[in-house]
Amino acid sequence: MKPTRRLWAVAALAAFLAGVAVVTARPLLLGGAGLIGSWIVTRQYRFYRTLEETVDALAVEQSAARTGIRTGETVPVTLSARLAAPSPLAVAIEGGLPTAAAADDSLSLSLDPTTSATTRTVDVTWPTAGHHRFDEPTVTATDGFLRETVSLGTAPTVTVEPRGPRTIHVGEGGDRITMAYGEHEAGRLGSGIEPAELREYMPGDTADRIDWKATARLATPHVREYEAETDRRTLLIVDHRASLATGRPDETELDYLREVALATAASAHRLGDPVGLRTVGDEGITFRLDPTTTPVAYDRIRRRLLDLEPTADPSAADGIGRESRRRRTPPLRGSGFTAADARAKRIGLDDDDDRFAATLRPFYTAREGYRERIESDPLYGTIRRSHSGNTEGLWTILFTDDSRPAELRETVKLARGNGNSVLVLLAPTVLYEPDGLTDVEDAYDRYVEFEDLRRDLARMSRVTALEVGPQDRLSTVLSDGRARARGERA
C-alpha cells in the first residue's frame, strides 16, 4: 500500500499536534495526535480488506480480434473489466500491450464506486513480426488516502507473420509431396557404396574387386559392381516477367515461386550439389551464374532471388499486344522473304505454279511461323543458351506460371534434351488472382485446365511437373469441385 498526498497531509497534522503537545506540555494535544494515528491505522486495515475483496471479485480480460496477423495490419484489441457488485474503491486498469504494438489511443479504463463493468476497444498496429505476448493488465485501486497496484487478468499471445507466402503447397493435383535432394545416382556402374550387381570374375579385373564372401558361397571367383554416385548439377531458371506479378501484395506468383527457389538452392548447397541460376525477364536473361558449389556463389544466388521483382511488359509501352507480338514471323536478315520461304525453297515447295506445292505451303508456313515465335520467347531462349554447351547430367528446375502453355511445352522439351531431367514448378494463375475465387465453380474449371497442362508436361520422359500455390485457396477450389462431382454422380 502507498499513501496518497491526502494521507500524508493527515499524518503531517498528527506529527504537528504531537510536536506542539511536547513543546507546550499539553497532553490533550498529544491525545489528539494519537487519535489521528489510530484513524490512519484503521484506514489502512479497512483499505486492505476492501482491496482484497475487490481483487477477488474483479475479472479483467484483454483480447485481440485475431491472434494470427501479418506485419503492418491493424486489429482491434479489447480490454474489459467486470465486478460482481460495485466496489467502494476507485479502480483504474491499464492494458498490457506488447512493446512492439502501436495503439491509436490509450488502452485503459476505470471503474468508479457506482460502476460494476466497463469495456474499451482500440485499434492496434503490429509492425514487427514475431510472437508477442501481452503483459497482465495493471490494476490500481484507491480510496483517496491509500493506493495499491496489482497485476491481474489475461495475457494472450498474438503471432505476427511477415508479409509474403504463408502456407505454400507444392504437389500434384492438390496432393502435397516432399522434394528430395542429396546424393544422386549417376546411372552407370563404377566406384561407390551401393551394391548394384554380382558377376563372374573376368581376366583384367583386379584382385581387390573380388567379393570373397560371394566367391566362397558360389565356389567360383565373383566381382561385386557398385552403383556410381555423383553430385547433381542443378540449374534454377526463375521466370520474373510481368505476368508473375499476379496476386495480392507480397503474395504474388513470384513471391511463392521465390520461396520454393530459395529452399531448393539452400538444400542443394547444404548437400554439396553445384547450383546455378538464370533469371528471365520480358526481354531476356537478367542474371546468369553457372552451377558451382562455392559459398560466395550461393550467397549471390540468394541475394538475387530476394531482390527479384517482376519486370515491365515491353508490349505495354509500344501499344503492341503480347499475343500479336508473338504471332509475328521476323524476316531473315538481309533478305526480302521469311524463314518459311527459305526452307520451302530448299524442299521444293516454292513453285507457285505447282498445285501440290500451293496446297501444302500454307500449312508449312504456319508451322514454321510457330517455331520462330517460340524461339523468340525469353524463356525458351534462356534454355537454348543455357544448354548450348556440354549439359550432360544437368538438372534443370524451371519456376514459372501457366500463362504461356505453348512456350512452356517447347521449353521443357528443349530442357530435357541430351538425357537431362527437368523439374517444372508451375504457379496456377487462378489461385493468385485477387478475385479469382469469387466464382468458385469457374475457378475449379480453370484449375482443371491447369491440371491438364501439368499432366501433359509430367507425361514427358524425365520431366516432373508440380504445382506451387497457396494451400488455403487451393483447398477451397478443390473442395468445391469434389463436392460438385459428388452431386453430379448422385
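Treat the numbers as computed from the prediction; the structure is a model and nothing was measured.

Turning next to the overall build of the chain. Along the backbone of the chain there are 13 helices and 25 strands. When the 490 residues of the chain are sorted by exposure, 39% land in the buried category. Restricting the contact set of the chain to residue pairs at least 6 apart, pairs at least 24 apart contribute 71%. Surface summary for the chain: the accessible area is close to 26500 Å², and the carbon and sulfur share equals 51%.

Here Thr-400 is to be found in strand 23 (residues 394-401). Not counting residues up to four positions away in its chain, the partners in contact with Thr-400 are Asp-239, Arg-241, Leu-244, Leu-257, Leu-379, Leu-408, Leu-425, Leu-426 and Ala-427.

On to the packing of aromatic side chains, then. Taken as a whole, this structure holds four aromatic pairs when the rule is applied. When the ring of Tyr-256 is compared with that of Tyr-432, the centres are 5.4 Å apart and the planes differ by 75°; the resulting orientation is edge-to-face. Linking Tyr-256 in helix 4 (residues 253-270) with Tyr-432 in the loop between strand 24 (421-427) and helix 12 (440-458), this pair joins segments that are 176 residues apart in sequence. Residue Tyr-256 is classed as buried on the basis of its relative accessible area, which comes to 4%. The exposure class of Tyr-432 is buried, given its relative accessible area of 3%.

Among the surface-exposed residues, Asp-439, Asp-442, Glu-449 and Asp-452 lie close enough to one another that they form a single negatively charged patch. On the secondary structure map, Glu-449 appears in helix 12. Taking relative accessible area as the criterion, Glu-449 reaches 57% and is therefore assigned exposed.

All right, on to the nonpolar core then. In globular proteins that are soluble, nonpolar side chains generally tend to be buried together. Judged by nonpolar contacts, the single largest core of 58 residues is most densely connected at Phe-399, Val-412, Val-424, Leu-425, Leu-457 and Val-468. In this structure Val-412 touches Leu-398, Val-422, Val-424, Leu-457, Met-460 and Val-463, once residues within four positions along its chain are discounted. Counting 35 residues, the second largest nonpolar core, distinct from the first, contains Ile-40, Leu-58, Val-91 and Val-124.

Tallying each qualifying case throughout the model produces one cavity of 30 Å³ or more. Taken as a whole, the largest cavity spans an internal volume of roughly 50 Å³. Looking at the largest cavity, the residues that line it are Gly-247, Arg-248, Glu-251, Tyr-256, Leu-431, Tyr-432, Pro-470 and Arg-473. Considered class by class, the residues forming the lining of the largest cavity number four nonpolar, one polar and three charged.

Time to look at the environment of Leu-254. Positionally, Leu-254 belongs in helix 4. On the basis of relative accessibility, which here comes to 1%, the residue Leu-254 falls in the buried class. In this structure the C-alpha to C-alpha distance between Leu-254 and Leu-244, which are ten residues apart in sequence, comes to 5.2 Å.

Turning next to the sheet that holds strand 24. The mixed open sheet is built from eight strands, whose spatial order is 14-13-25-24-23-18-21-22. Of all strands in the sheet, those bounded by a partner on one side alone are strand 14 (175-176) and strand 22 (284-292). Across the sheet, helix 4 touches strand 13 (168-172), strand 18 (233-239), strand 21 (275-281), strand 23, strand 24 and strand 25 (463-470), and the angle it forms with strand 23 is around 160°. Where helix 5 (residues 295-307) meets the sheet, it contacts strand 18, strand 21 and strand 22, and its direction lies at approximately 150° from that of strand 22.

Okay, the packing of helix 10 (residues 378-386) against helix 11 (residues 405-415) next. In the contact formed by helix 10 and helix 11, the axes pass within 9 Å of each other and the chain directions differ by 5°. Looking at the two axes, helix 10 sits roughly parallel to helix 11. For the pair helix 10 and helix 11, contact is made by Pro-378, Leu-379, Tyr-380, Ile-383 and Arg-384 and by Glu-407, Glu-410, Thr-411, Leu-414 and Ala-415, respectively. Classifying every residue of the contact of helix 10 with helix 11 gives six nonpolar, one polar and three charged.

Moving on: the confidence of the model for the chain. Looking at the chain, the pLDDT average stands at 79 and 79% of residues meet or exceed 70. Segment residues 180-195: pLDDT under 50, and 46 contacts once partners within four positions in sequence are set aside and those in other chains are kept. Counting contacts from residues 365-374, a segment whose pLDDT is below 50, to residues more than four positions away or on other chains yields 20 contacts.

For helix 4, spanning 18 residues, the distance from its first C-alpha to its last is 26 Å, which sits close to the expected 26 Å at 1.5 Å a residue. The buried count for helix 4 comes to 13 of 18 residues, which makes it a mostly enclosed element.

As a further point, take the environment of Val-260. Along the chain, Val-260 turns up in helix 4. Overall, Val-260 belongs to the buried group, its relative accessible area being 7%. In this structure, the C-alpha to C-alpha distance between Val-260 and Phe-399, residues 139 residues apart in sequence, is 8.8 Å. For Val-260, the residues in contact, after removing those within four places along its chain, are Ile-168, Val-170, Phe-399, Leu-425 and Val-468.

Attention shifts here to the sheet that holds strand 12 (residues 157-161). The strand order across the open sheet formed by three strands is 3-12-9, and the pairing between neighbours is mixed. A single partner strand is all that each edge strand has here, and the edge strands are strand 3 (68-70) and strand 9 (130-133). For this sheet, the mean inter-axis angle between neighbouring strands, taken without regard to orientation, is 30°. Pairing analysis gives three bridges linking strand 3 to strand 12, with the strands arranged parallel. Note on strand 12: the bridge partner recorded for Gly-68 is Thr-159.

In a packed pair of helices, the relevant descriptors are the angle between the two axes and the axis-to-axis distance. With their axes 7 Å apart at the nearest point, helix 1 (residues 5-24) and helix 2 (residues 27-57) run at an angle of 155° to one another. Viewed along their axes, helix 1 and helix 2 adopt a mutual orientation that is roughly antiparallel. Considering the relative orientation of helix 1 and helix 2, their crossing is left-handed. Here helix 1 contributes Leu-7, Val-10, Ala-11, Leu-13, Ala-14, Leu-17, Ala-18, Val-20, Ala-21 and Thr-24 to the contact with helix 2, which in turn contributes Leu-29, Leu-30, Gly-32, Ala-33, Ile-36, Trp-39 and Ile-40. Residue composition of the contact of helix 1 with helix 2, grouped by class: 15 nonpolar, two polar and no charged.

So, how was this worked out
- Per chain, residue numbering runs from 1 following the sequence as it is written.
- With the structure being a predicted model, the display of local features is reserved for residues of pLDDT at least 70 and the display and counting of side-chain atom pairs for 80 or more, all residues being used for whole-chain, interface and lining totals.
- Hydrogens are left out, water is left out, and the side-chain values use all remaining heavy atoms of the structure.
- Secondary structure is summarised from DSSP: a helix means a run of H or I of at least four residues, a strand means a run of E of at least two, and numbering begins at the N terminus for each.
- Accessibility here uses a 1.4 Å probe with only protein chains present; expressed as a share of the type maximum, an area under 20% marks a residue as buried, one over 50% as exposed, and anything in between as partly exposed.
- Contacts: residue pairs with any heavy atoms within 4.5 Å of one another.
- Where accessible areas are quoted, they stem from the Shrake-Rupley method and a 1.4 Å probe; at the residue level, only the protein chains shown are allowed to cover.
- Working definition: rings of Phe, Tyr and Trp (its six-membered ring) pair if their centres are within 6.5 Å, and the pair is stacked with planes under 30 degrees apart, edge-to-face with planes over 60 apart, and tilted otherwise.
- Two joining distances apply to patches: 9 Å for like charges and 5 Å for nonpolar side chains (Val, Leu, Ile, Met, Phe, Trp, Tyr), and every residue must have over 30% relative accessible area and no salt bridge.
- The working definition used for a salt bridge is a side-chain nitrogen of Lys or Arg within 4 Å of a carboxyl oxygen of Asp or Glu.
- Residues counted as positive are Lys and Arg, residues counted as negative are Asp and Glu, and His and the chain ends are not counted.
- Charge positions come from single atoms, namely NZ of Lys, CZ of Arg, CG of Asp or CD of Glu.
- Buried Ala, Val, Leu, Ile, Met, Phe, Trp, Tyr and Cys residues that are joined via side-chain atoms within 4.5 Å together make up what is termed a nonpolar core.
- Here a cavity denotes grid points, spaced 1 Å and computed from the protein atoms alone, that fit a 1.4 Å probe unable to get out, and a pocket denotes an open set having protein on both sides within 12 Å along at least 5 of 7 lines; residues with an atom within 4 Å of a point are the lining.
- Grid points are joined across faces, edges and corners, and a volume is the space filled by probe spheres set on the points.
- All residues other than Ala, Val, Leu, Ile, Met, Phe, Trp, Tyr, Cys, Pro, Asp, Glu, Lys and Arg, Gly among them, are scored as polar; the first ten of these are nonpolar and the last four charged.
- The pairing criterion is simple: DSSP has to find at least two bridges between the two strands.
- Where helices are involved, their axes are fitted lines through C-alpha atoms of the stretch in contact, as for all axes, and angles between N-to-C directions lie from 0 to 180°.
- Working definition: roughly parallel below 35 degrees, roughly antiparallel above 145 degrees, roughly perpendicular at 65 to 115 degrees, and oblique for all remaining angles.
- Scored between 0 and 100, pLDDT is the confidence that the predictor attaches to each residue.
- In this analysis, the expected span of each helix is defined as 1.5 Å times one less than the number of residues it contains.
- By definition, turning the near helix anticlockwise from the far helix through less than a right angle yields a left-handed crossing, and turning it clockwise yields a right-handed one.

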